Amino acid sequence: MTTAHAHPATPNAPTLSVTLGQVVAALALPEHGGLSAELRGDAASTIQRIGPLETAQPGTLAFLANPKYRSQLAGTQASCVILSPAVLDDVVALPACIVTADPYRYFAALTRWWGAQVRPRPPAGIHPSAVVSSDAVIGQGVSIGPLAVVEAGAVIGDHATIGAQCSVGERARIGAHTRLAPQVVIGFDCVVGERCIFHSGVVIGADGFGFAPHQGRWEKIEQLGAVRIGDDVELGANTCVDRGALDDTVIEDGVKLDNLVQIAHNVHIGEHTAMAGCVGVAGSARIGKHCTVGGAGMILGHLTLADNVHVSSGTLISRSIHQPGQYSGVFPFDENASWEKNAATLRQLHALRDRIRTLEKQVKS
Amino acid sequence: MTTAHAHPATPNAPTLSVTLGQVVAALALPEHGGLSAELRGDAASTIQRIGPLETAQPGTLAFLANPKYRSQLAGTQASCVILSPAVLDDVVALPACIVTADPYRYFAALTRWWGAQVRPRPPAGIHPSAVVSSDAVIGQGVSIGPLAVVEAGAVIGDHATIGAQCSVGERARIGAHTRLAPQVVIGFDCVVGERCIFHSGVVIGADGFGFAPHQGRWEKIEQLGAVRIGDDVELGANTCVDRGALDDTVIEDGVKLDNLVQIAHNVHIGEHTAMAGCVGVAGSARIGKHCTVGGAGMILGHLTLADNVHVSSGTLISRSIHQPGQYSGVFPFDENASWEKNAATLRQLHALRDRIRTLEKQVKS
Amino acid sequence: MTTAHAHPATPNAPTLSVTLGQVVAALALPEHGGLSAELRGDAASTIQRIGPLETAQPGTLAFLANPKYRSQLAGTQASCVILSPAVLDDVVALPACIVTADPYRYFAALTRWWGAQVRPRPPAGIHPSAVVSSDAVIGQGVSIGPLAVVEAGAVIGDHATIGAQCSVGERARIGAHTRLAPQVVIGFDCVVGERCIFHSGVVIGADGFGFAPHQGRWEKIEQLGAVRIGDDVELGANTCVDRGALDDTVIEDGVKLDNLVQIAHNVHIGEHTAMAGCVGVAGSARIGKHCTVGGAGMILGHLTLADNVHVSSGTLISRSIHQPGQYSGVFPFDENASWEKNAATLRQLHALRDRIRTLEKQVKS
């Protein structure tokens, strides 16, 4: 043990040095995306980082996702750029480029391959400090981190990762290849699919918020359902999904929820819907497939949102939406003094409308 | 250990099979509600689940809380329905029914009794992996889960449950029969009443947000108060209640807060008030008794809300409310294009009012 | 072990009894603020608590921060009041007073000194139940609490406190004198400065929310950056700061974030900016120095806020702000019936504007 010096100006993470040939070969493999691409330039030249085009330096592998920014190709310092055939005419002085149909998707696959090299990988096996019930069923190649708890009857799928200090309740099921970051809670009887990623602080299966009012008090309605989560679901830090009252709360395959999202009991979220941070969905709301909800959006309870509904940030949805489209409802911000005047007038808006009507009648007559 | 198969289509939870006679007898006991009811039908017939009337199947015990939905009685498949005397005329072909004054309350009591049979119950005693100070006082029948921490001077009441990986700070007090789910944090000196339920991720007693500005910097005001929570309080997952600056933050008996709620320092919440998910209450706000706040409502600091004030979802309360009633303030959502036009015009609203005034003068003259 | 009695009416925390002479001498020391003050009254008289002027009792040391409340001096029961020279004329019957240039700052320093006496202080050393990698570097005087995890390559600065059940990931760095409350998660490669305070449930370094859409699905963009946090930063309970996609998310020195705040990937927050509870900042937003954001404010992604921008509670910022000032955008709350009428009319606002135009033309002609 030595004295520590923290907070350095230099990056902390390990670096990687790979050749362009290695990149293109790796991403052509099925397990890394199976993406075809043509490398123009020296396959032996090396890159050390991935970065945005505008701040790229020598050693950076950059990408041009949107052809309308093609003018950025001219001045870049990047050692190589991932781009589409459509912009090849603009490539003049690049040392190298990787030509592929969907550069952004290629970039995404590249980050995953890169991450597999540099991100820590918890070792397979059960850490001796973990408390794992002898009645739990643990798959092959599972990693259970230090001080994790796995209760009786829980089932952990092959190659799943249970992070440090996680809690997996009785009879909960975690699918194969799913990864729980440290300090995730999976409640009893809840079911999580395969290849999911849950970040720290996620709580699955807390009781839904249900009470019967009686003489000014709230009498608890025990929540007897559970939570069922499909495959390829990602949940951000401190996001909550409550168990259902009688039936289950359901999150379908491919759903992505950001941090600090609240999903109440008996909500149903359709496949491949995504919600940004701080969103709330109240009880029994039914959200369609391929929807998006912007940050701090709020969906009231017992509503239905059709497939492909897109809710803007900060918008409260107070009734069902049956048509796809973009929906918004935010008070436009302004300098405080202007806002105050307009907000005060807003409280007279209905009266103003009546005054307009009166004027219209007067002018007409 | 065997290979796991997760994400099944079939329910995960254990089932229960009870006779109608058992149900009515159990709920008549004082410890399960002491509710009187008349069973019409075969007391020996069994049910396997509780469910809503509209999706009930044979084996389902359903309920009709609101007489206006009495028409649903006609086609239901339920084996038995909990209902009030007022709708008995509509009972035609039901195999059985339980007649009681307040069917919704009866249903709530039933869920609690049912849950007591099927939900996992942590065993009494201190798990050997827990770290419990020898200076803590542990009541009779207490359950302390694996890897929990109980610091010196803490007092745990009889039959309380401290879940796996909870942290109970120095001199904190937990009342009898209170249950902490896994990974709850109770800060030092904080006091929790009896029969409370705190869900995972709850943080009681983090420092309130207090700073003195000095030359462009924030100098910390140490938070010297604590948190005092009454009896029968339920707090949802990842909800926070900060300790007070000088005095305590106080939550009175019977308060129910949903997930991801923020209660700042020195807030005082009156008895039997309920707040839905994502609500925030800023410092030193004083909320009355029997209030409700809808999801993502926000109460600014140093305000007073009278008893029986109801704040709609998404509404920001910016000044004190002295009269009971329902209060709202949300921009109504619309298709994005319509919203954009109205929002842009909103920024000219004060000017529009002046134009109306001018017109009125012109028309008058 | 004995039966516990929780939820007492009397305060739970230990009391302190100090003389006024001790207070003034202590706060004059550089390590407690180095604040000069003149004590008028008996240096040997004792106080037992710090409190607000209006509720002060004998034994209370109170303060008068704002001269406009000087009339409160007349009737107070406080044993001593911290006040500025400007109000000395109003001091008539006080037993004692402490005269200093900035009473609120003096009060803040006093709370910190007081807290150092009464708040529990974790002992230095590594609790035997903690799981600390032999490849971690632990500074002098460090406290690592029970059941904490410190992974390989982590560096803990001198006199830092790692609370019970915290998780410090691989290669993470924690600066000297920084304190992590119980159950904080610091992700791998993240860097935290000196003298920071992170409250329970904080999650640093969860993956940013980044996906490439492909044929209706979301393909993960691995988040390859980390989080860099400066010195003297305080983060409230359950607040999240995500790791960057390619570069790091950065929080500069002296930033204060309250509870349940969401900081997305690649956000940059300038020095001494403060944000209240439930705020969200979306990806790649760049917030200036000395800004404030009120509770539940929301900053959309890829925006720039200049230094000294102040955002009101509940306001959504949807475009960059280049001028210092106060900005607001909240629908003013009202009784529900009034709100409903005004909100309904709001959806016709653009049409109303057109009707005003028409009227103006008609009246003019």
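Predicted model, so just to flag it, every value in this text is computed and none were measured.

Scoring rules and cut-offs
Residues numbered from 1 in each chain as written. Chains lettered and ligands numbered in written order. Predicted model: local features only at pLDDT ≥ 70, side-chain atom pairs only at ≥ 80, totals over all residues. Heavy atoms only, no water. Helix = DSSP H or I, 4+ residues; strand = E, 2+ residues; numbered from the N terminus. Rg over C-alpha atoms; globule rule 2.2 N^0.38 Å. Contact = heavy atoms within 4.5 Å. Areas by Shrake-Rupley, 256 points an atom, 1.4 Å probe, with all protein chains shown as cover. Salt bridge = Lys/Arg side-chain N within 4 Å of Asp/Glu carboxyl O. Buried < 20%, exposed > 50% of the residue type's maximum accessible area, 1.4 Å probe, protein only. Pairing = 2+ DSSP bridges. Least-squares fit on C-alpha atoms with pLDDT ≥ 70 in both. Expected span 1.5 Å × (residues − 1). Domains from an automatic or database assignment. Phe/Tyr/Trp six-rings, centres within 6.5 Å; stacked < 30°, edge-to-face > 60°. Lys NZ or Arg CZ within 6 Å of the ring centre and 35° of its normal. UniProt positions renumbered as here; feature names shortened; annotations may be inferred. Polar contact = N/O pair within 3.5 Å; in protein donor to acceptor, adjacent residues only side chain to side chain. Buried area = accessible area lost by both parts, 1.4 Å probe. Nonpolar A, V, L, I, M, F, W, Y, C, P; charged D, E, K, R; others polar.

1. A look at the overall build of chain A
A tally of regular secondary structure across chain A gives four helices and 40 strands. Radius of gyration (C-alpha) of chain A: 26 Å, far over the 21 Å computed for a compact globule of 365 residues. Overall size of chain A, expressed as C-alpha extent along the three principal axes, is 80 × 70 × 45 Å. Excluding contacts between residues fewer than 6 apart, the proportion of contacts in chain A whose partners are at least 24 apart in sequence is 20%. If you sum the accessible surface of chain A, you get close to 13,600 Å²; carbon and sulfur atoms cover 50% of it.

2. Here we look at the pattern of salt bridges
For the structure on display, the rule yields 42 salt bridges over all chains. The salt bridge partner of K220(B) is D207(B), with a shortest N-O separation of 2.9 Å. Taken together, the positions of K220(B) in strand β23 (residues 217–220) and D207(B) in strand β21 (residues 203–207) put the pair 13 residues apart, joining distant regions of the chain. On the accessibility criterion, D207(B) (3% relative accessible area) is buried. A single salt-bridge network, built from bridges that share partners, covers R119(A), E234(A), D207(C), K220(C) and E222(C).

3. As for the sheet that holds strand β32 (residues 280–281) of chain B
Residue and element names in this part refer to chain B. With respect to topology, ten strands assemble into an open sheet ordered β9-β12-β15-β18-β21-β26-β29-β32-β35-β38, the strand pairing being parallel. This sheet does not close on itself; its edge strands, each paired only once, are β9 (131–132) and β38 (316–317). Strand direction decides the pairing type here: strand β35 (residues 298–299) and β38, joined by two bridges, are parallel. Bridging from a neighbouring strand, M298 pairs with L316 of β38.

4. Looking at the relation of the copies chain C and chain B
Mapping chain C onto chain B is achieved by rotating through 120° and translating by 0.0 Å along the same axis, at an RMSD of 0.0 Å. As the rotation angle and translation indicate, the two copies are arranged about a three-fold axis. Among all residues of chain C, the one whose C-alpha sits closest to the rotation axis is F331(C), at a distance of 3.5 Å.

5. Notes on helix α4 (residues 349–364) of chain A
Under the 1.5 Å per step criterion, the end-to-end length of α4(A) is 23 Å for 16 residues, consistent within 8% with the ideal 22 Å. Within the sequence span of α4(A), burial applies to L349(A), H350(A), L352(A), R353(A), I356(A) and L359(A). Structurally, α4(A) contributes buried residues whose contacts are with α3 (336–346) of chain A, α5 (349–364) of chain B together with α3 (336–346) and α4 (349–364) of chain C.

6. A short note on the domain arrangement of chain A
The domain boundaries assigned to chain A delineate domain 1 (18–118) and domain 2 (125–327). For domain 1 of chain A and domain 2 of chain A, the distance between their C-alpha centroids amounts to 36 Å.

7. So, the packing of aromatic side chains
All names here are of chain A. Under the criterion given, the structure shown has 18 aromatic pairs over all chains. A ring pair is formed by F63 and Y104, whose centres lie 6.0 Å apart and whose planes are at 40°; its orientation type is tilted. You can see F63 sitting in strand β5 (residues 60–63) and its partner Y104 sitting in helix α2 (residues 103–118), a full 41 residues away along the chain. Relative accessible area serves as the criterion here: at 28%, Y104 is assigned to the partly exposed category. Three or more aromatic residues link up through ring pairs in this structure, and these residues are F63, Y104 and F107. The aromatic ring of F188 is capped on one face by R243, whose charged end is 3.7 Å from the ring centroid.

8. Details of the UniProt feature "active site" (unreviewed entry) in chain A
All names here are of chain A. Residues annotated by UniProt as "active site" (unreviewed entry) correspond here to H265. Mapped onto the elements, H265 comes out in the loop between β29 (262–263) and β30 (268–269). Beyond its immediate stretch of four places on either side in the chain, H265 contacts G208, F209, G210, Q223, D242, R243, G244, A245, T249, G283 and S284. Here Q223 takes part through its side chain, which lies 2.7 Å from a polar atom of the side chain of H265.

9. Examining the interface of chain C and chain B
On the side of chain B, 97 residues touch chain C, which itself brings 79 residues to the contact. Interface area, chain C with chain B, both sides summed: about 7,200 Å², of which 63% is carbon and sulfur. Applying the counting criterion to the chain C and chain B interface returns six salt bridges. Note that E234(C) and K220(B) form a salt bridge whose closest N and O atoms lie 2.8 Å from each other. Applying the counting criterion to the chain C and chain B interface returns 30 residue pairs in polar contact (both at pLDDT 80 or more). When residues of the side of chain C that touches chain B are traced back to their parent elements, those giving at least two are α2 (103–118), β28 (256–257), β31 (274–275), β40 (334–335), α3 and α4 of chain C. Per element, the largest residue contribution to the side of chain C that touches chain B is nine residues, and it comes from α2(C). Split by residue class, the side of chain C that touches chain B holds 38 nonpolar, 27 polar and 14 charged. With two bridges connecting them, strand β39 (residues 325–328) of chain B and β40(C) associate as antiparallel partners. Residue pairing for β40(C): S328(B) is matched across the bridge by D334(C).

10. Structural notes on the pairing of β5(A)
All names here are of chain A. Alternating residues of β5 divide into T60 and A62 and L61 and F63, and every residue in both groups is buried. Pairing analysis gives three bridges linking β5 to strand β6 (residues 80–83), with the strands arranged parallel. Bridged to F63 within β6 is I82.

11. Some remarks on the sheet that holds β31(C)
Reading across from one edge, β40(A)-β39(C)-β37(C)-β34(C)-β31(C)-β28(C)-β25(C)-β20(C)-β17(C)-β14(C)-β11(C)-β8(C) is the order of the twelve strands in this open sheet, with mixed pairing throughout. The open sheet is flanked by β40 (334–335) of chain A together with β8 (125–126) of chain C, the only strands paired with a single partner. With two bridges connecting them, strand β34 (residues 292–293) of chain C and strand β37 (residues 309–311) of chain C associate as parallel partners. By the bridge assignment for β37(C), V293(C) is matched with V311(C).

12. Side note on the environment of Q57(C)
Residues and elements named next belong to chain C. The topology assignment puts Q57 in the loop between β4 (49–50) and β5 (60–63). Of the residues examined, Q57 reaches a relative accessible area of 44% and is grouped as partly exposed. Each C-alpha atom of the pair Q57 and A78 lies 5.1 Å from the other, and the pair is 21 residues apart in sequence. Beyond its immediate stretch of four places on either side in the chain, Q57 contacts R49, Q77, A78 and S79.

13. Considerations on the pairing of strand β26 (residues 240–243) of chain B
Each regular strand carries side chains that alternate between the two faces of the sheet. Residues and elements named next belong to chain B. Of the strand pairs in this sheet, β21 and β26 are connected by three bridges, and their pairing is parallel. Residue pairing in the sheet places I204 in a bridge with V241 of β26. Here β26 pairs with strand β29 (residues 262–263) via two bridges, running parallel. Paired with V241 across the strands is I263, a residue of β29.

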